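# Tertiary structure, described
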Amino acid sequence: MQGKIIRGIGGFYYVHTHQGVYECRARGIFRKDKEKPLPGDLVSISVLDETEKKGNLDEILPRTNSLIRPAVANVDQALVIFALVSPKPNFNLLDRFLVLMEKQGIPALICMNKTDLASDEMIAEVRERYRTSGYPLLFVSAAQKEGIEAIREYLRGKTTTVAGPSGVGKSSLINLLQDGVQMQTGAVSEKIERGRHTTRHTELMWVEEDTYILDTPGFSSIELFGIEKEELGDYFPEIAAHAGDCRFRGCAHLAEPDCAVKEAVDNGEISKGRYENYQLLYEDLKKRRDTEGIETPD
């Protein structure tokens, strides 16, 4: 029997199949091969107890991709949710997330919640900041149930990882996306009952036919592991679009003359806020590499 892992906790993996949700233990071969099953994995299982819906996880089918943070597999896109107010958006954190998605080749959507609490000026600022970034930008209000259908259209037929800081209304939006949905596969074990307001583990949820969302724990910081400063510009789509016109090959877009990226910032083709975050992230990566290169005496 085949299915999708919807959650893994305490050595158990909960697999969504057409016959129900099965609580499975992974075979020892996974530990031997240092292969860890992830939410979103397509797997083969063998049923041990049909009544109790228990089984063994026998095989992880080939993945299309896998992410480190959030730790998920077979993702089509990422929906990153921030609030316009309460809490005030941390654009540096948002851009870090977008960089990681670009690095891993995962298309991203930006969702800004709490439009009911935000001024027109706040909304306009976000629009301007990401106007030339290429990312779809959705403005919604979970409290007023506004903009939910627009999100559904982007999610339909795909597996989407949903991420964002704590307190931005991520759980409220996910509950609205699942509003009226009845899992046709039976009740999930009480062992994996999800808190109403806090997500502590990554969980895959069925929305409609061929449509899943992966809810992940809220984050307050993101490290750009595995990224070098020289490649950072490749992960800002609007910067990458202009980098080929710079005078110098390998231009860092900081102090070099005849830099097409800086010219695009001056012309409004790249938002000043996005460019400033690029500068900050570049310096962070530079400092990290400089620090890593320091040898300490024994």
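Residues numbered from 1 in each chain as written. Predicted model: local features only at pLDDT ≥ 70, side-chain atom pairs only at ≥ 80, totals over all residues. Heavy atoms only, no water.

We now examine helix 5 (residues 170-177). Of all eight residues making up helix 5, six are buried, and the element is well covered by its neighbours. Three or more residues of helix 5 are buried, namely Lys-170, Ser-171, Leu-173, Ile-174, Leu-176 and Leu-177. (Buried < 20%, exposed > 50% of the residue type's maximum accessible area, 1.4 Å probe, protein only. Helix = DSSP H or I, 4+ residues; strand = E, 2+ residues; numbered from the N terminus.)

The next point concerns the side chain of Lys-114. For Lys-114, the location among the structural elements is in the loop between strand 9 (108-113) and helix 3 (120-129). Although Lys-114 is buried, it forms no salt bridge, and the closest oppositely charged side chain is Asp-116 at an N-O distance of 8.2 Å. A polar contact of 3.0 Å, which involves the side chain of Lys-114, links it to the backbone oxygen of Gly-167. When sequence neighbours within four positions are dropped, the list of residues in contact with Lys-114 reads Ala-83, Leu-84, Val-85, Ser-86, Pro-87, Val-140, Ser-141, Gly-167 and Val-168. (Lys, Arg positive; Asp, Glu negative; His and termini not counted. Salt bridge = Lys/Arg side-chain N within 4 Å of Asp/Glu carboxyl O. Polar contact = N/O pair within 3.5 Å; in protein donor to acceptor, adjacent residues only side chain to side chain. Contact = heavy atoms within 4.5 Å.)

This next bit is on the pattern of salt bridges. Inspection of the entire model under this criterion finds 15 salt bridges. Between Arg-274 and Asp-95 there is a salt bridge; the shortest N-O distance is 2.8 Å. Residue Arg-274 is found in helix 8 (residues 272-292), and its partner Asp-95 is found in helix 2 (residues 91-103); the two are separated by 179 residues along the sequence. With respect to class, Arg-274 is no different from Asp-95; both count as buried. Glu-153 is the salt-bridge partner of Arg-156, the closest N and O atoms lying 2.5 Å from each other. A relative accessible area of 36% means that Arg-156 is categorised as partly exposed. Glu-153 gets classed as exposed once you look at its relative accessible area, which sits at 52%. A single network of salt bridges, built from pairs that share partners, joins Asp-95, Glu-238 and Arg-274.

Turning our attention to unusual backbone geometry. Residue Pro-87 is reached from Ser-86 by a cis peptide bond, and omega for that bond is 5 degrees. By the secondary structure assignment, Pro-87 is in the loop between strand 8 (77-83) and helix 2. The phi dihedral of Lys-53 is positive, around 55 degrees, even though this residue is not glycine. The topology assignment puts Lys-53 in the loop between strand 4 (42-49) and strand 5 (54-60).

Turning to the environment of Phe-91, a few remarks are in order. The topology assignment puts Phe-91 in helix 2. Taking relative accessible area as the criterion, Phe-91 reaches 11% and is therefore assigned buried. Spatially, the C-alpha atoms of Phe-91 and Val-126 are 9.3 Å apart, while their sequence positions differ by 35 residues. Leaving out residues up to four positions away in the same chain, Phe-91 has contacts with Glu-125, Val-126, Arg-129, Tyr-130 and Asn-277.

Below, the discussion takes up the pairing of strand 8. Across the seven residues that make up strand 8, a large majority, seven, are buried. Neither face of strand 8 is left uncovered, since the one carrying Gln-77, Leu-79, Ile-81 and Ala-83 and the one carrying Ala-78, Val-80 and Phe-82 both have all their residues buried. Looking at chain direction, strand 8 and strand 11 (residues 159-163) are connected through four bridges and run parallel. Within the sheet, the bridge partner assigned to Gln-77 lies in strand 11 and is Thr-160. The pairing of strand 8 with strand 9 spans six bridges and is parallel. What sits directly across from Phe-82, in strand 9, is Met-112. With respect to chirality, the unit in which strand 8 leads through helix 2 into the neighbouring parallel strand 9 is right-handed. (Pairing = 2+ DSSP bridges. Right-handed = clockwise from strand over helix to strand, strands pointing away.)

When you line up the elements, Thr-161 lands in strand 11. By relative accessible area, Thr-161 is classed as buried at 0%. In this structure, the C-alpha to C-alpha distance between Thr-161 and Ala-71, residues 90 residues apart in sequence, is 9.8 Å. With sequence-adjacent residues up to four places away left out, Thr-161 is seen in contact with Leu-67, Pro-70, Val-72, Val-75, Gln-77, Ala-78, Leu-79, Leu-214 and Thr-216.

Evaluated as defined, the whole model comprises five aromatic pairs. Taking the centre distance of 6.2 Å and the plane angle of 25 degrees together, the rings of Tyr-275 and Tyr-278 count as stacked. Taken together, the positions of Tyr-275 and Tyr-278, both in helix 8 and three residues apart, correspond to about one turn of that helix. Assessed through its relative accessible area of 8%, Tyr-275 is described here as buried. Summarising the aromatic geometry, the rings of Tyr-278 and Tyr-282 are spaced 6.0 Å apart at their centres and angled 50 degrees between planes, so their arrangement reads as tilted. Placement of both Tyr-278 and Tyr-282 in helix 8 is noted, with a separation of four residues, approximately one turn of the helix. Accessibility expressed as a relative area gives 1% for Tyr-278, which makes it buried. Given a relative accessible area of 9%, Tyr-282 falls into the buried group. Through successive ring pairs, a cluster of aromatic residues spans Phe-236, Tyr-275, Tyr-278 and Tyr-282. One cation-aromatic arrangement involves Lys-4 over Tyr-212; the distance from NZ or CZ to the ring centre is 5.0 Å. Lying over the aromatic face of Phe-91, Arg-129 brings its terminal NZ or CZ to 4.0 Å of the ring centre. (Phe/Tyr/Trp six-rings, centres within 6.5 Å; stacked < 30°, edge-to-face > 60°. Lys NZ or Arg CZ within 6 Å of the ring centre and 35° of its normal.)

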